[in-house]
Amino acid sequence: MIHDEIETLLRNKIGLNPETLGPRAIATAVNQRMKSADITDRRNYLQQLYRCPREMEALIESVVVPETWFFRNEEAFNYLRHYVIFEWIPHHSHRALRVLSIPCSTGEEPFSIAITLLDAALRVQNFHIDAVDISKQALQKAKRGVYRKNSFRGQNISFRDRYGWETPEGYHLSPQVRKSVNFIHGNLLNPLFLYNNPPYDIIFCRNLLIYFDVEARQRAVQILERLLAPTGLLFVGSAEVSALSGRFISLRHPMTWVYRKADPRGDRAENRKISAQAAPPVAIAPPPISYSPVAEKPAPTPNPTPESLLDSARNLADNGRLHEAAHLCETYLRQNRTDADAYVLLGEVQGAAGHEELAEQSFQKAIYLDPNHVDALLHLALLKEHQGEIASASGIRQRIARLLKLQGE
Ligand SMILES: C[S@@+](CC[C@H](N)C(=O)[O-])C[C@H]1O[C@@H](n2cnc3c(N)ncnc32)[C@H](O)[C@@H]1O
């Protein structure tokens, strides 16, 4: 009973759907907090939560999942860079680009955005990045700008030499990058959240809605709609797209979940136009600067190595050449039958081409090969949601949340 009341309190305060953390997660967090606060009776602890905002904060700290890393889902940053070079700079040179990263956790996401914008030849005074999180501990770490190995999980870490340096303590970001992000403590579900701020041209809201219950997602989406400029871009995580339906229109770029506001009158022709508008900055021309060898690699040579085959498949997929990308993935998989990442890529390509059944089989194979493959699980959850299999999707989400929690420990 008291346990239910504590869960409801967390739902109302931060939107948390306790199921996403696994069956015992909240109970474990509450027990730990009671021990630290020297309280033995649950009812007394509940009263303490109502009475003392600091205790509420401490409980929130112990249930949030701060998992993040630099250039997570790198294609989103490639998309942003192309957008800035080919759309923003030519049309908006008179004012600064306004960006919001929420939730920003320990800072890797907003700093990746800053590096992307600097790489796109914007100067620090040409953009403004606000980065928000509910966790004060995460924000404290973000403000230090010092990172360990776990924050660098992508293949491309060449940016590290250009924007910071190694020390025995960890990798230090340069002051130029650190100063370009404005960290703010805040709750996305607060109706007055950033109320008096001008709208943002770019919002990254990734890997937060997956932890929310349905009602909180709706509230969050309304607030995001208010915060985004009329022609602004909203980036979400792959498992979060279903929350946006009706209010935002997908720009349908492979492996990037980027959206624009839908036409407020619900005009279908207008929405088709919005969807067609921003999809291809990538197709206009190759980028002048790249930290991504994958995006720049040429077509496969006559005797490609297995790695170059897969890189080329990614490159083709990124450019929307889905049929050829699938063919290369399949060729690669014939020689490398146990590569879970390759099955995930194949599934993404099949999904983008509208072959949901095939995509599902590929994600299942990846999970069979690597039961802890978070990306494969996320894609599968998303597919299940599209197919209306909500219970199955939420089971997979719980599994992901447990995995992320374990990895974060
Ligand atoms: C998994 S991290 C996502 C970080 C980053 N966006 C990414 O995709 O890598 C989730 C973060 O959401 C924050 N969070 C949870 N509920 C929140 C809320 N209601 N408002 C703002 N931040 C919240 C947590 O503190 C945690 O740092």
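Not measured: the values here are computed from a predicted model.

Chemist: Is there a simple way to think about the overall build of the chain in this case?
Modeler: Looking only at helices and strands, one finds 19 helices and 10 strands in the chain. The globule rule puts the C-alpha radius of gyration for 409 residues at 22 Å, and the 22 Å found for the chain is close to it. Its C-alpha atoms give the chain principal-axis dimensions of about 70 × 55 × 50 Å. Buried residues in the chain amount to 54% of all 409 residues. Carbon and sulfur atoms make up 51% of the accessible area of the chain, which totals about 19500 Å². For the chain, the distance from the average position of its 48 positive side-chain charges to the average position of its 46 negative side-chain charges is 4 Å.

Chemist: I keep staring at helix α17 (residues 356-369) and nothing clicks. Help me out?
Modeler: In an α-helix there are 3.6 residues to a turn, and that puts residues three or four apart on one side. The terminal C-alpha atoms of α17, which comprises 14 residues, lie 20 Å apart, in line with the 20 Å expected from a rise of 1.5 Å per residue. Every buried residue of α17 is accounted for by A359, E360, S362, F363, A366 and I367. Within α17, the buried residues cover an arc of 165° as seen down the axis, which keeps them to one side. Among the exposed residues of α17, those pointing more than 90 degrees away from its buried face are E357 and Y368.

Chemist: Even after reading the chapter, I still don't get the nonpolar core, so can you show me in this structure?
Modeler: Generally speaking, a soluble globular protein has its nonpolar side chains buried in company with each other. Core analysis: the biggest nonpolar cluster contains 60 residues, and I6, L10, L16, Y45, L59, V63 and Y211 have the highest contact counts within it. When sequence neighbours within four positions are dropped, the list of residues in contact with L59 reads I6, L10, A29, V30, R33, Y45 and L49. Grouped together as the second largest cluster of nonpolar side chains are 41 residues, Y79, Y163, L233 and L251 included.

Chemist: Just checking my understanding: could you explain the layout of surface pockets for this structure?
Modeler: The probe, sized like a water molecule, is rolled over the atoms to show the empty space still left. For the largest pocket, the calculated volume is near 1200 Å³. The wall of the largest pocket is formed by 34 residues, among which W69, N73, E74, E348 and D375 lie closest to the centre. Among the elements of the structure, α5 (75-92), α14 (306-318), α16 (340-352), α18 (374-386) and α19 (390-408) are those that each provide at least two residues to the lining of the largest pocket. Both domain 2 (75-277) and domain 3 (297-408) contribute no fewer than three residues apiece to the lining of the largest pocket. What the second largest pocket holds in volume is close to 700 Å³. Forming the walls of the second largest pocket are 27 residues, and the residues nearest its centre are W257, G351, A352, L382 and H386. Going through the elements one at a time, β9 (248-250), α16, α17 and α18 are the ones with two or more residues in the lining of the second largest pocket.

Chemist: It is not clear to me how the side chain of R260 should be interpreted in this structure. Could you clarify?
Modeler: Assignment of secondary structure puts R260 in strand β10 (residues 258-261). One buried charged side chain, R260, makes no salt bridge at all; its nearest oppositely charged neighbour is E87, positioned 4.0 Å away. Looking at R260, its side chain comes within polar contact range of the main-chain oxygen of T231, at 2.9 Å.

Chemist: What exactly am I supposed to notice about unusual backbone geometry here?
Modeler: Most of the time, phi is negative for any residue but glycine, and the peptide bond is trans. With an omega of 0°, the peptide bond running from I102 to P103 counts as cis. Following the sequence through the fold, P103 ends up in the loop between β1 (97-101) and α6 (108-119). Even without glycine at this site, A121 takes up a positive phi of about 75°. Looking at the element boundaries, A121 is found in the loop between α6 and β2 (127-133).

Chemist: Looking at this model, I keep getting lost on the packing of helix α15 (residues 322-335) against α16. Mind explaining?
Modeler: How two helices pack is summed up by the angle between their axes together with the distance between the axes. One can describe the packing of α15 onto α16 by two numbers: an axis separation of 9 Å at closest approach and a directional angle of 155°. In terms of orientation, α15 lies roughly antiparallel with respect to α16. Seen along the crossing, α15 lies across α16 with a hand that is left-handed. Residue-level contacts link L322, A325, A326, C329, E330, Y332 and L333 of α15 to A342, Y343, L345, L346, V349, Q350 and A352 of α16. Across the contact of α15 with α16, the residue classes break down as 12 nonpolar, one polar and one charged.

Chemist: Sorry, what's going on with the environment of V258 here?
Modeler: Structurally, V258 can be placed in strand β10. On a C-alpha basis, the gap between V258 and I203 in space is 9.6 Å, while along the polypeptide they are 55 residues apart. Excluding its chain neighbours within four sequence positions, the residues that come into contact with V258 are Y79, L233, L234, F235, I249, S250 and L251.

Chemist: Sorry if this is basic, but what is going on with the sheet that holds strand β3 (residues 146-147) here?
Modeler: Strand pairing in a sheet takes place through backbone hydrogen bonds and is either antiparallel or parallel in direction. One open sheet accounts for three strands, arranged β3-β5-β4; its pairing is antiparallel. The open sheet has two edge strands with one neighbour each: β3 and β4 (164-167). The sheet contact formed by β4 and strand β5 (residues 170-173) spans four bridges and is antiparallel. Residue pairing for β5: E166 is matched across the bridge by Y171.

Chemist: I tried to follow the site of the ligand on my own but got confused; where do I start?
Modeler: Taken together, 20 residues lie around the ligand, and T68, R72, P103, D133 and N207 are the ones closest in. A distance of 3.1 Å is found between a nitrogen atom of the ligand and a side-chain nitrogen or oxygen belonging to E109. A distance of 2.8 Å separates a nitrogen atom of the ligand from a polar atom in the side chain of N187. Expressed as a share of its isolated accessible area of 610 Å², the protein-covered part of the ligand is 98%. Judged by the fraction of its atoms near the pocket grid, the ligand is located in the largest cavity. Residues that form the shell around the ligand fall into these classes: nine nonpolar, six polar and five charged.

Chemist: Explain helix α10 (residues 214-227) to me, please; I cannot follow it from the model alone.
Modeler: For α10, with 14 residues, the first-to-last C-alpha span of 20 Å sits near the 20 Å given by 1.5 Å per residue. By the burial criterion, the buried members of α10 are A216, R217, A220, V221, I223, L224 and L227. In a view along the axis of α10, the buried residues occupy a sector of 165°, so they form one face of it.

So, how was this worked out
Residues numbered from 1 in each chain as written. Predicted model: local features only at pLDDT ≥ 70, side-chain atom pairs only at ≥ 80, totals over all residues. Heavy atoms only, no water. Helix = DSSP H or I, 4+ residues; strand = E, 2+ residues; numbered from the N terminus. Rg over C-alpha atoms; globule rule 2.2 N^0.38 Å. Buried < 20%, exposed > 50% of the residue type's maximum accessible area, 1.4 Å probe, protein only. Areas by Shrake-Rupley, 256 points an atom, 1.4 Å probe, with all protein chains shown as cover. Lys, Arg positive; Asp, Glu negative; His and termini not counted. Charge placed at Lys NZ, Arg CZ, Asp CG, Glu CD. Expected span 1.5 Å × (residues − 1). Arc of directions from axis to C-beta. Core = buried A, V, L, I, M, F, W, Y, C linked by side-chain atoms within 4.5 Å. Contact = heavy atoms within 4.5 Å. 1 Å grid on protein atoms, 1.4 Å probe; cavity = no way out; pocket = protein on both sides within 12 Å on 5 of 7 lines; lining within 4 Å. Points joined across faces, edges and corners; volume = space filled by probe spheres on them. Domains from an automatic or database assignment. Salt bridge = Lys/Arg side-chain N within 4 Å of Asp/Glu carboxyl O. Polar contact = N/O pair within 3.5 Å; in protein donor to acceptor, adjacent residues only side chain to side chain. Axes fitted to C-alpha atoms, helices over the stretch in contact; angles between N-to-C directions. Parallel < 35°, antiparallel > 145°, perpendicular 65-115°, else oblique. Left-handed = near helix turned anticlockwise from the far one by under 90°. Nonpolar A, V, L, I, M, F, W, Y, C, P; charged D, E, K, R; others polar. Pairing = 2+ DSSP bridges. Near = heavy atom within 4 Å. Sits in = over half its atoms within 2 Å of the grid points.

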